[in-house]
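Here's the letter readout for the chains.
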Amino acid sequence: MQRFGLAGMFVGTYLADAFSFPIPPQFYMLTAISSGGSQVAPMITISAASLLAGCTGYRLAGHLARLRIFAARLERTRPRIDRLFDRYGYWAIAVGSLSPIPFSMLCYMSGLYRIPPRYFFLMVLFRVPRLLVFYALIRLGWSQ
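Residues numbered from 1 in each chain as written. Predicted model: local features only at pLDDT ≥ 70, side-chain atom pairs only at ≥ 80, totals over all residues. Heavy atoms only, no water.

(A) View of the packing of aromatic side chains. Scanning the entire structure with this criterion turns up 3 aromatic pairs. Both rings, one in Tyr14 and one in Phe19, keep their centres 6.1 Å apart while their planes meet at 75°; by these two values the pair is edge-to-face. For Phe19, a relative accessible area of 45% corresponds to the partly exposed category. For the pair Phe27 and Tyr28, a centre-to-centre distance of 5.2 Å together with 85° between the ring planes defines the contact as edge-to-face. On the basis of relative accessible area, Phe27 is assigned to the partly exposed category, the value being 43%. Across the ring face of Tyr119, the terminal group of Arg118 is positioned such that the distance to the ring centre comes to 4.8 Å. (Phe/Tyr/Trp six-rings, centres within 6.5 Å; stacked < 30°, edge-to-face > 60°. Buried < 20%, exposed > 50% of the residue type's maximum accessible area, 1.4 Å probe, protein only. Lys NZ or Arg CZ within 6 Å of the ring centre and 35° of its normal.)

This is the structure:
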């Protein structure tokens with residue numbers, strides 16, 4: 001944290017959650033915890049970067065869905081996704097948000113299948129509590 005600071009945490013988290021970069025946001029949480037400083041600014045930074053990255057993935061995947069290589073496959077599987085939302089609605093997003101599926105993949109799949117923005121917004125909102133749970137677990141492990 002001393003070398004790159006909050007900007008480094010923001011960029012690292014953004015890359016991880018927008019493009020599935022191999023260093024996850026939890027690494028930056030551990031860095032913040034191990035520095036011994038206040039945790040408020042790093043957690044706000046990590047959360048903001050993650051949310052922005054999710055929106056980036058959603059928008060980018062929405063553009064990719066228009067490419068012929070993706071469009072045909074998506075149209076074959078789209079009825080299953082539509083049935084899922086028709087049957088479970090917001091609960092489908094809640095379960096997906098709490099699953100071990102990486103956040104970046106959920107955002108890309110949401111964009112590829114053109115999930116309505118209201119469902120995507122809900123999924124993004126679930127990201128912050130999930131990050132806070134990860135933070136609490138890391139902090140608990142660090143204090144032991």
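There is more to say after this.
(B) Examining the nonpolar core more closely. Grouped together as the largest cluster of nonpolar side chains are 18 residues, with contacts concentrated most on Phe85, Phe120 and Met123. Elements with a minimum of two residues in this core: helix H3 (40-64), helix H4 (68-88), helix H5 (90-98), helix H6 (103-112) and helix H7 (117-143). The element that contributes the greatest number of residues to this core is H6, accounting for 5 residues. The residues contacting Phe120, other than those within four sequence positions of it, are Gly54, Cys55, Tyr58, Cys107, Ser110 and Ile115. (Core = buried A, V, L, I, M, F, W, Y, C linked by side-chain atoms within 4.5 Å. Helix = DSSP H or I, 4+ residues; strand = E, 2+ residues; numbered from the N terminus. Contact = heavy atoms within 4.5 Å.)

(C) Spotlight on unusual backbone geometry. The residue Ser20 is not glycine, and still its phi comes out positive at about 55°. With respect to the helices, strands and loops of the structure, Ser20 is situated in the loop between helix H1 (5-19) and helix H2 (25-35). Look at Arg114: it is not a glycine, yet its phi comes out positive at around 50°. Looking at where Arg114 falls in the secondary structure, it is placed in the loop between H6 and H7. The class of Arg114 is partly exposed, set by a relative accessible area of 42%.

(D) Structural detail: the side chain of Ser104. The residue Ser104 is located in helix H6 in this model. Looking at Ser104, the relative accessible area reads 3%, which means it is buried. Only 2.7 Å separates the side chain of Ser104 from the side chain of Ser20, close enough to count as a polar contact. (Polar contact = N/O pair within 3.5 Å; in protein donor to acceptor, adjacent residues only side chain to side chain.)

(E) Spatial organisation of the confidence of the model for the protein. Chain-level pLDDT for the protein is 87 on average; 97% of the residues reach the 70-or-more range. Per-element confidence in the protein is highest for H3, whose mean pLDDT is 94, and lowest for H5, whose mean pLDDT is 76. (pLDDT = per-residue confidence, 0-100.)

(F) Structural view of the packing of H3 against H6. Closest axis-to-axis distance for the H3/H6 pair is 7 Å, and the angle between their directions is 35°. In the packing of H3 onto H6, the handedness of the crossing is right-handed. Residues Ser50, Gly54, Gly57, Tyr58, Leu60, Ala61, Gly62 and Leu64 of H3 form the contact with H6, whose participating residues are Phe103, Cys107, Tyr108, Ser110, Gly111 and Leu112. (Axes fitted to C-alpha atoms, helices over the stretch in contact; angles between N-to-C directions. Left-handed = near helix turned anticlockwise from the far one by under 90°.)

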